[in-house]
Amino acid sequence: MLVTGNDILVPARAGKYGVGSFNTNNMEITQAIIHTAERLRSPVMVQMSEGAIKYGGQDLANIVIDLARRATVPVALHLDHGSSYESALKAIKMGFTSVMIDASHHDFEGNVKETRRVVEAAHAMGISVESELGRLGGIEEHIVVDEKDAFLTDPEEAVQFIEQTGTDYLAIAIGTSHGAFKGKGRPYIDHARIEKIAGLTGIPLVAHGSSGVPQEIVERFRKAGGEIGDAAGIADEDLQRATGFGIAKVNVDTDLRLASTVGIREALMANPKEFDPRKIFGPARDVMSQVIEHKMRVLGSVGKA
Ligand SMILES: O=C(COP(=O)(O)O)NO
Ligand SMILES: [Ca+2]
Ligand code: NA
Ligand SMILES: [Zn+2]
């Protein structure tokens, strides 16, 4: 069933488990996310960035909304990294049931102002809101945040920010970053900071940049002709510790990008004569499903629906 982000995340925070929020850009990715959630009886969030909206528009949103409505587990459609009030409102009009306003590149007051505007409008329409305090490293699709500017979330500021905005859930900067190269080897996650913020706040917390970049998938990507440097993601045990404190929404995009590309590359390599798109895009679903299943088991959302 199609539900709001709060319907999924408030129980997750209370139950100290995480729920995957997976980015989609087409039908096959959407099917892999929702069918795997149904198979494992797991709640799930499907998210579209502004880039995905540019790429697939209402067509893609309608695929997600229809699959979500027919799903036998709770599914929310979430706007990832909404960059403005207008973008958030447009997503709500498109049928999204959860929106992020990412105004974390503004100063505190600017972020509060923009976030509160979205919260008031979204709440008036029964939609829940994610906002962000602190700046992730790595590439945010429209904002390049280089290491020196990436600053971690201050726990006391987080309390103030939540009070002044009414945000339903909060993305915090705790050491993760977007993309396939999250720092040398195992990225540093500030568990003490997560524990402190969770201790001072009661709302679901969000971890961005939470792809694990499994080495097995990276190897398969290379073997199937893909080129990638020494890629690294967040370790499973780091995610498990984080969800134990209060991280309830866990964003995953890179793992599905790698998994779907592995499926397609392997299909093309194995059968040079193949030109039936179902035989080329279909295998991507299977590889993505394995990656999604692993993530849901790590987060503890299996059987929670
Ligand atoms: O935070 C993410 C995705 O992060 P990854 O690149 O680690 O999948 N989307 O908002
Ligand atoms: Ca941001
Ligand atoms: Na988001
Ligand atoms: Zn993100």
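The structure displayed is predicted, hence computed values, not measured ones.

Participant: Just checking my understanding: could you explain the sheet that holds strand β8 (residues 169-172) for this structure?
Facilitator: Either a parallel or an antiparallel arrangement is found when strands of a sheet pair, and the pairing is made through backbone hydrogen bonds. Ordered by their spatial adjacency, eight strands build a closed barrel running β1-β2-β3-β4-β5-β8-β9-β10, and the pairing between neighbours is parallel. The sheet shows a mean angle of 25° between the axes of neighbouring strands, taken without regard to direction. Relative to strand β9 (residues 205-207), β8 runs parallel, the two being bridged by two bridges. Residue pairing in the sheet places L170 in a bridge with L205 of β9. Packing against the sheet, helix α3 (residues 50-70) makes contact with β2 (44-49) and β3 (75-82), and its axis sits at approximately 155° to β2.

Participant: In this structure, what is going on with the packing of helix α2 (residues 27-39) against helix α11 (residues 277-299)? I would like to understand it.
Facilitator: Any two packed helices are characterised by the angle at which their axes cross and by the distance between the axes. Look at α2 against α11: their axes get within 9 Å of each other, and the N-to-C directions meet at 45°. Put simply, α2 runs oblique to α11. Crossing of α2 against α11: the hand is right-handed. Only F281, R285, M288, S289, I292, E293 and M296 of α11 make contact with α2, whose side of the interface consists of M27, E28, I29, Q31, A32, I33, T36, A37 and R39. Per-class residue counts for the contact of α2 with α11 are nine nonpolar, three polar and four charged.

Participant: How should α3 be read in this particular structure?
Facilitator: Note on helix geometry: an α-helix contains 3.6 residues per turn, so any two residues three or four positions apart are oriented the same way. The terminal C-alpha atoms of α3, which comprises 21 residues, lie only 25 Å apart, well short of the 30 Å expected from a rise of 1.5 Å per residue. Regarding α3, the residues found buried are E50, A52, I53, G56, G57, L60, A61, V64, I65, L67 and A68. Of the surrounding secondary structure, the elements contacted by the buried residues of α3 are α2, β2, β3 and α4 (85-94).

Participant: Help me understand the site of ligand 1, please; the structure alone is not making it clear to me.
Facilitator: As a structural note, the neighbourhood of ligand 1 is formed by 15 residues, with D80, K182, S211, D253 and T254 the closest of them. Between ligand 1 and the protein, one listed contact pairs an oxygen atom with a side-chain N or O atom of H208 at 3.2 Å. A distance of 3.1 Å is found between an oxygen atom of ligand 1 and a side-chain nitrogen or oxygen belonging to N251. Look at ligand 1: alone it shows 300 Å² of surface, and the protein chains cover 96% of it. Looking at the shell around ligand 1, the elements that each hand over two or more residues are β3 and β10 (247-252).

Participant: When you look at unusual backbone geometry in this model, what are you seeing that I'm missing?
Facilitator: Positive phi outside glycine occurs at K16, with the angle close to 55°. Locating K16 in the fold gives a position in the loop between α1 (5-15) and β1 (19-23). For V213, which is not glycine, the phi torsion reads 45° and is therefore positive. In this structure, V213 sits in the loop between β9 and α8 (215-223).

Participant: Can you walk me through the coordination of the sodium ion (ligand 3) in this structure?
Facilitator: Distances from the sodium ion (ligand 3) to its protein donors, H78 (NE2), D80 (OD), E130 (OE), E130 (OE) and K249 (NZ), fall at 2.6 to 3.2 Å. Summarised as a motif, the one-chain spacing of the donors to the sodium ion (ligand 3) is H-x1-D-x49-E-x118-K. Between the sodium ion (ligand 3) and the zinc ion (ligand 4), a spacing of 5.5 Å is present. Here D80, found in strand β3, pairs with E130, found in strand β5 (residues 128-133); they are 50 residues apart in sequence, far enough to count as distant. Side by side, D80 and E130 carry an identical accessibility label, which is buried.

Rules used in this analysis
Residues numbered from 1 in each chain as written. Chains lettered and ligands numbered in written order. Predicted model: local features only at pLDDT ≥ 70, side-chain atom pairs only at ≥ 80, totals over all residues. Heavy atoms only, no water. Pairing = 2+ DSSP bridges. Helix = DSSP H or I, 4+ residues; strand = E, 2+ residues; numbered from the N terminus. Axes fitted to C-alpha atoms, helices over the stretch in contact; angles between N-to-C directions. Contact = heavy atoms within 4.5 Å. Parallel < 35°, antiparallel > 145°, perpendicular 65-115°, else oblique. Left-handed = near helix turned anticlockwise from the far one by under 90°. Nonpolar A, V, L, I, M, F, W, Y, C, P; charged D, E, K, R; others polar. Expected span 1.5 Å × (residues − 1). Buried < 20%, exposed > 50% of the residue type's maximum accessible area, 1.4 Å probe, protein only. Near = heavy atom within 4 Å. Polar contact = N/O pair within 3.5 Å; in protein donor to acceptor, adjacent residues only side chain to side chain. Areas by Shrake-Rupley, 256 points an atom, 1.4 Å probe, with all protein chains shown as cover. Donors = N, O, S within 2.8 Å, 3.2 Å for Na, K, Ca; no water.

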